[in-house]
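Examination of the molecular architecture
Residue strings, one per chain:
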Amino acid sequence: MPFIEALGQFSYRVGPGNFCLVHVSLVPVLNVVGEQKTKPTQHSVRGLRGLGLAPDILACRSTEPLEEHVTTKLSQFCNVPISSIVNLHDVTNIWHIPLLLRDQKAHEAILKVLDLQLVGKVPREPKLAEWTERASKFDKLKTPVKIAMVGKYTGLSDSYLSVLKALLHASVAMERKLVLEWVPSCDLENSAAKETPEAHQKAWKLLKGADGVLVPGGFGDRGVEGKILAATYAREKNVPYLGICLGMQVAVIEFARSVMKLGGANSTEFDPATASPCVIFMPEGSKTQMGATMRLGSRRTHFLANNCKSAKLYGNATSIDERHRHRYEVNPEMVPLLEKAGLSFVGKDESGRRMEIIELPNHVFFIGAQFHPEFKSRPGKPSPLFLGLIAAASGQLDLLLKRSCSVISSKPTPPRYSTNGTGTAVLTIKPYPNGHAKKALTSLVNGCYANGNGIHI
């Protein structure tokens, strides 16, 4: 209710022509009669109007395209013009949805409500040629690439949704059909061989059958030993590996244990008394304060060498800005020993004490990142590290590196802030485009196919 009330007040404050409400509703089909039912939408619209909000556009979800008489009925009983009712029925992949909206002229309905139809007397038309090509390419992908996702929340795929989407963006860019194998990290551990032998055998079979291994971020010690075993397998068998956040940390721990023979190497998150603390709590963090103890947001990473795979994937950039979300970091005191043993720390922060990217130089693709590259991945602009993983897993890494090196990295976009003469950054307030200009506020109020365990995308 607070959100409904806020929307109502906002629509009144900005006035007509500056507020467009799109109401998404389900139009189900009863299997008994096979008829598309409009009652759920009618009731939800009636309830919305009772709360002071009138929908300008109806977006109707359905399995099949809406029948003409159903659209007419919705228009009549919901008091919404037929031209303002769009149908979002099931498609082969979600990237077809913007094309559905365009074909039904949803953009014209929105622009009409906002009084933005013409710019210089030229009708606005969506530029979706590149998007159309990408959606069509998605449907035509046939050559598979298998990636093993090793985590402890594999029973709920939404836990890794951003990682999954980043893999999808990269696989389409490399013209490969993504086959994601969910591998529970707990089932890889030695203890699982005795407790759940079938699950243990299945997990290792999935891992060994994959073209690449990805260990995403996470918290807590459950399943960590399984992730370390996955990193061991990828390193020893020369299988492409990408570790994100905790995935990078377990790769460092694994390297210290296996290569440096430090059997007790661990993170102080999992073993506070470890004799070889490879990963430690952030120096400026608080172990007693529960809130605001994470390193969050966009931070800069500087590459120490331009001949490493990571720098090449980023177009030979000298520095990059990626988003972070963690509390523990690689122990800077152990970095010289790790580097002497052969592990390369190719990316660090401005101070040089925060390890951001690791690589194994003699491995086909073994990279760990303390940041979360998946957060900035987009369908038309996949994350470089995810592109590298998919390319290495499909035998295209050399080609990708040559192509990436030819791209000139752009300078960071300046923030959209101005100064008020005192050096303090203030957000620029623009008037509403259709009149009703208000004074600046003085304060701010706080496509999947199942194949058993794997998922074909």
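For the structure itself, consult the block above.
Everything in this summary refers to the structure shown in the same document. These numbers come from a predicted model, not from an experiment.

Summarising the element assignment, His372 is placed in the loop between β19 (366–369) and α15 (384–393). Relative accessible area serves as the criterion here: at 7%, His372 is assigned to the buried category. For His372, the side chain forms a polar contact with the side chain of Glu374, separated by 2.9 Å. Ignoring sequence-local partners within four residues, the contact set of His372 consists of Ile244, Cys245, Glu322, Arg323, His324 and Arg325.

The residue Ser75 is located in helix α3 (residues 68–78) in this model. Here Ser75 falls in the buried class, since its relative accessible area comes to 16%. Considered as a pair, Ser75 and Leu58 are 17 residues apart in the sequence and their alpha carbons are 9.1 Å apart. Not counting residues up to four positions away in its chain, the partners in contact with Ser75 are Val80, Pro81, Ile82 and Ile85.

On to the pattern of salt bridges. Tallied over the full model, the rule gives 13 salt bridges. Here Arg134 makes a salt bridge to Glu130, at a shortest N to O gap of 2.9 Å. One end of the pair is Arg134 and the other is Glu130, both in helix α6 (residues 129–140) and four residues apart, which spans about a single turn. Connected via shared salt-bridge partners are Arg235, Glu236 and Glu254.

What follows covers unusual backbone geometry. For Lys105, which is not glycine, the phi torsion reads 55 degrees and is therefore positive. For Lys105, a relative accessible area of 45% gives the class partly exposed. Within the chain, Asp115 stands out as a residue other than glycine whose phi angle is a positive 55 degrees. For Asp115, the location among the structural elements is in the loop between α5 (106–113) and β6 (118–119).

Right, let's talk about the packing of helix α10 (residues 197–208) against helix α11 (residues 224–236) for a bit. Direction vectors running N to C along α10 and α11 enclose 35 degrees, while the axes themselves pass 11 Å from each other. When you trace α10 past α11, the crossing you get is right-handed. In contact with Trp204, Leu207 and Lys208 of α10, α11 contributes Leu229, Ala230 and Tyr233. Of the residues contributing to the contact of α10 with α11, the split by class is five nonpolar, no polar and one charged.

Below, the discussion takes up helix α7 (residues 161–173). With 13 residues, α7 ought to run about 18 Å at 1.5 Å a step, and its terminal C-alpha atoms sit 18 Å apart, in line with that. Of all the residues in α7, the buried ones are Val163, Leu164, Ala166, Leu167, Leu168, His169, Ala170, Ser171 and Val172. Buried residues in α7 make contact with α6, β8 (144–151), β9 (177–184), β10 (212–215) and α15. Following α7 by one or two positions, Glu175 adopts a phi angle in the positive range, close to 60 degrees.

What follows is about the pairing of strand β11 (residues 241–244). Taking every second residue as pointing to the same face, both faces of β11 are buried, with Tyr241 and Gly243 on one and Leu242 and Ile244 on the other. Note that β10 and β11 share three bridges and pair parallel. The partner of Val215 across the bridge, within β11, is Gly243. In this region the chain leaves β10, passes through α11 and returns to the parallel neighbour β11; the handedness of that crossover is right-handed. Across four bridges, β11 lies against β19 in parallel orientation. Each residue of the ladder has a partner; that of Gly243, found in β19, is Gly368.

Moving on, we get to the side chain of Glu329. Here Glu329 lies in strand β16 (residues 328–330). On the basis of relative accessibility, which here comes to 6%, the residue Glu329 falls in the buried class. Engagement of the side chain of Glu329 in a polar contact is seen with the side chain of His326, the distance being 3.0 Å. At a separation of 2.3 Å, a polar atom in the side chain of Glu329 contacts the side chain of Arg354.

Here Gly264 is to be found in the loop between α12 (246–258) and β12 (265–267). Relative accessible area serves as the criterion here: at 45%, Gly264 is assigned to the partly exposed category. Apart from the residues lying within four places of it in its own chain, the contact partners of Gly264 are Thr274 and Ser276.

Conventions we followed
Position numbers for residues start from 1 in each chain and track the written sequence from start to end. Local features in this predicted model are restricted to residues whose pLDDT is 70 or higher, and side-chain atom pairs enter the listing and the counts only when it is 80 or higher, whereas totals over whole chains, interfaces and linings include all residues. Values shown for side chains rest on all heavy atoms present in the structure; no hydrogens or waters enter the calculation. Helix numbering and strand numbering both begin at the N terminus, where a helix is a DSSP run of H or I of at least 4 residues and a strand a DSSP run of E of at least 2. Under the scheme applied here, a residue whose accessible area is under 20% of the maximum for its type counts as buried, over 50% as exposed, and between as partly exposed, the area being computed with a 1.4 Å probe on protein chains only. Any pair of N or O atoms that falls within 3.5 Å is considered a polar contact. Within protein, one atom must be able to donate a hydrogen and the other to accept it, and sequence-neighbouring residues count only if both atoms are side-chain atoms. The contact criterion used throughout is that any non-hydrogen atoms of two residues lie within 4.5 Å. Salt bridge, as used here: a side-chain nitrogen of Lys or Arg that lies within 4 Å of a carboxyl oxygen of Asp or Glu. Axis definition: a line fit to C-alpha positions, over the contact stretch in the case of helices; interaxial angles, taken between N-to-C directions, run 0 to 180 degrees. Left-handed describes a crossing whose near helix is turned anticlockwise from the far helix through less than a right angle; right-handed describes the clockwise counterpart. For this classification, Asp, Glu, Lys and Arg are treated as charged, while Ala, Val, Leu, Ile, Met, Phe, Trp, Tyr, Cys and Pro are nonpolar and the rest, including Gly, are polar. For a helix, the expected span equals 1.5 Å multiplied by the number of residues minus one. In short, DSSP must find at least two bridges between two strands for them to pair. Call a crossover right-handed when, viewed with both strands pointing away from you, the route from the first strand across the helix to the second goes clockwise.

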